[in-house]
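Inside the fold
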Amino acid sequence: MKKKYNINRRDFINGFALSLAAGGGLAPIEIIANDNKRYPPELMGMRGSNPGSFEVAHALAWGGAKFDRPKLQTDSDYDLIVVGGGISGLSAAYFFRQRYGNDAKILILDNHDDFGGHARRNEFNVNGNDLICYGGSQSIDTPSSYSVASSQLLKDINIHTERFYEYYDQTFFSRNGLKRGIYFSDGHYGQDVVAKNILRNSMPNEDEDIQSVINSYPIQDESKRALASLLSDKRDHLIGIESQSKKIEFLRNTSYTDFLKNHLKMPEEVVGLYRDGIKGLWGVGWDALSTMEAYNYDMPGTYYFDFVLPDDDPSRGHITASEKSNDREEPYIFHFPDGNASIPRALVRELIPGSMPGNTMEDLVSARVNYGELDSKHSKVKIRLDSTVVNVEHTPDEKNVDVRYVKNGKVHRVRGNHVVMACYNNMLPYICPEIPKKQVQSLSYATKIPLVYISIAVRNWNAFHELGFHSFHIPQSKLMHSFGMDFPVSMGGYNFTTQPNQPTVLHGTFVPSDPDKGLKQKQQAINGRRKLYEMSFQNFEDLILEQLDGALFKGGFNVSRDIAGITVNRWPHGYAWEYNDFSDPVQYNPYNGPHIEGRKQIGRISIANSDSSSYAYVDGAIDAADRAVNEQLKV
């Protein structure tokens, strides 16, 4: 019989397991007492957009709050003020100093208590072992496709992606007999079952007997037969549509969920198995993505479609999520132990040398940031955290820009010769009153995709070894739709776990949405964000424990004993909006769409952030910074 866990709120304080402190070091009450000396990467509980980072912005956008203009400036004038300390904002500061001169005085303002934007670092210490993982932006994806500016910036800050072929252990999981799993929860399927995930086994030359795997799934016999039929289906389901143009129209106007349900007559149970499998890439399920995207992604039932996309089809300029994951010339291995958090750390080290030791990509891994140096009066470049910008406006003579921000409940004012807005682009109309109406309308077209990355420190991974899986897809999930062991990367003296009895970090993904109601992606994102704001850390903790217990208990996992810490990286405004051919005009792509009008320069104010590229990847953020700085250097 399943052994139930026995854990409650007294066992954790903001994600910190009480037993973790028992072996020495600070007790939880001492950690709270020393909060003023906190080191953000080590903080657990509710992180990401931390409490205190969004309240002022919500008051401005939702409540129409007004903020007085201080008569006196907070400090002296700057050559450049950057709003937003993520990859795009820090890259803008780097490009500006590189092209303007090393004497450039630069101020970077960010509303969070840590720099890096969504490229966030999480740290744990379990039984004396330091564990590092990512709480946001994950990997440098397909660096061979980067622009000249993005590629050169990485080299300039000593990030050389070819070295990951040595650092990323590409055979770790296969060498340890670990496969991709699927977890059926008791709450939805009437019993907790883990099995091999064969939902994508629709490719030719598949020699595995998938029927025995399907028979282990706790679904109805009718669903088992339908799933087996779907995975072995070699028919061209477009054969009844005569013209190529009609086939393309059908594929773009039919969601993959609808295709499975109404065209292939799959039972609801089978459709539900697939719905959320794409969320980690698109931020929405197959109920709001086209069958064209399913075809691009080689989903079951679409592999044998026979049609030709014309050379002049506008979608040829659209880089889809599937193109980022399929048919890649490079493996998906360009990953620091802290994900892309090492990119902003490398930028900060270049901009403020006293903030961090070392000069290589390897010594970034263990380097500890001196947060006290980020806003030092002795530095020409300053990063001012916990500072929410509420107004950006040219001075009457238009020779400078005044920037107002709120820090510790007080309104401050600084002045810059140039400004780069590398923040959430939807907030710009509330901050910059000079933006023209047409541009405001373009900025309002997109919305951010809500996202939660969950980091869970565990004392061992024995259960994964016993079960034979390194990760799980969770259909019809209450919270995480996937979780598993982190990427196997060892570098800079930091070593990924080698033995099942050693501590490691699990990574879980939760994208709140509102599926199966006929809603398009934008409305699902808005509804999902609302749901996310209503969830407390205790809500997360309870569901995390329930899911880990259900999936891993047969492997000997005990949540009370084996979980050492939990960090919930909550990003209500997560992924940048990328155009979706099921809900957006097909001619919209990173090179053509409302974001082009939305990012137009306003005098001494330029707009960056991956939002302005309509491309939620590292190079989208860096390229936006490159463009924005070039605009300002021409003023």
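Worth saying up front: this structure is predicted, and the values here are computed from it rather than measured.

On a plain count of helices and strands, the protein comes out with 25 helices and 19 strands. Taken over C-alpha atoms, the radius of gyration comes to 25 Å for the protein, in line with the 26 Å a tight globule of 635 residues would show. Referenced to the eigenvectors of the C-alpha coordinate spread, the extents of the protein come out at roughly 75 × 70 × 45 Å. Taken over 635 residues, the protein has a buried fraction of 60%. Taking the intrachain contacts of the protein between residues at least 6 apart in sequence as the baseline, contacts between residues at least 24 apart amount to 74%. Surface accessibility of the protein: about 26000 Å² in total, with carbon and sulfur atoms responsible for 47%. With 69 positive and 78 negative side-chain charges, the protein shows a spacing of 5 Å between the two charge centroids.

This brings us to the packing of aromatic side chains. Going through the model one piece at a time under the given rule, you end up with 36 aromatic pairs. Taken together, a centroid distance of 4.9 Å and an interplanar angle of 40° make the contact between Tyr 615 and Tyr 617 tilted. One exposure class covers both Tyr 615 and Tyr 617, and it is buried. Each residue in the set Phe 250, Tyr 256, Phe 259, Trp 286, Tyr 295, Tyr 297, Phe 305 and Phe 307 is aromatic and connected to the rest through ring pairs, giving one cluster. Above the plane of the ring of Tyr 39 lies Arg 368, whose end atom (NZ or CZ) is 3.7 Å from the centre. The lysine or arginine in question, Lys 522, covers the ring of Trp 577, its NZ or CZ lying 6.0 Å from the ring centre.

With that settled, consider the pattern of salt bridges. Close approach of charged atoms allows side chains of opposite charge to pair. Within this structure, the stated rule accounts for 26 salt bridges. In this structure, the salt-bridge partner of Arg 368 is Glu 42, at a minimum N-O distance of 3.1 Å. Of the two residues, Arg 368 is situated in the loop between helix 17 (361-364) and strand 10 (381-384) and Glu 42 in the loop between helix 1 (28-33) and strand 3 (45-48); the sequence distance between them amounts to 326 residues. Of the residues examined, Glu 42 reaches a relative accessible area of 36% and is grouped as partly exposed. The partner of Arg 69 in a salt bridge is Asp 402, and the shortest N-O contact between them spans 2.7 Å. Of the two residues, Arg 69 sits in the loop between helix 2 (55-61) and strand 4 (78-83) while Asp 402 sits in strand 12 (residues 401-407), which places them 333 residues apart along the sequence. Taking relative accessible area as the criterion, Arg 69 reaches 45% and is therefore assigned partly exposed. Three or more residues are tied together by salt bridges with common partners; here these are Arg 69, Asp 402, Arg 413 and Arg 415.

Rules used throughout
- Residues numbered from 1 in each chain as written.
- Predicted model: local features only at pLDDT ≥ 70, side-chain atom pairs only at ≥ 80, totals over all residues.
- Heavy atoms only, no water.
- Helix = DSSP H or I, 4+ residues; strand = E, 2+ residues; numbered from the N terminus.
- Rg over C-alpha atoms; globule rule 2.2 N^0.38 Å.
- Buried < 20%, exposed > 50% of the residue type's maximum accessible area, 1.4 Å probe, protein only.
- Contact = heavy atoms within 4.5 Å.
- Areas by Shrake-Rupley, 256 points an atom, 1.4 Å probe, with all protein chains shown as cover.
- Lys, Arg positive; Asp, Glu negative; His and termini not counted.
- Charge placed at Lys NZ, Arg CZ, Asp CG, Glu CD.
- Phe/Tyr/Trp six-rings, centres within 6.5 Å; stacked < 30°, edge-to-face > 60°.
- Lys NZ or Arg CZ within 6 Å of the ring centre and 35° of its normal.
- Salt bridge = Lys/Arg side-chain N within 4 Å of Asp/Glu carboxyl O.

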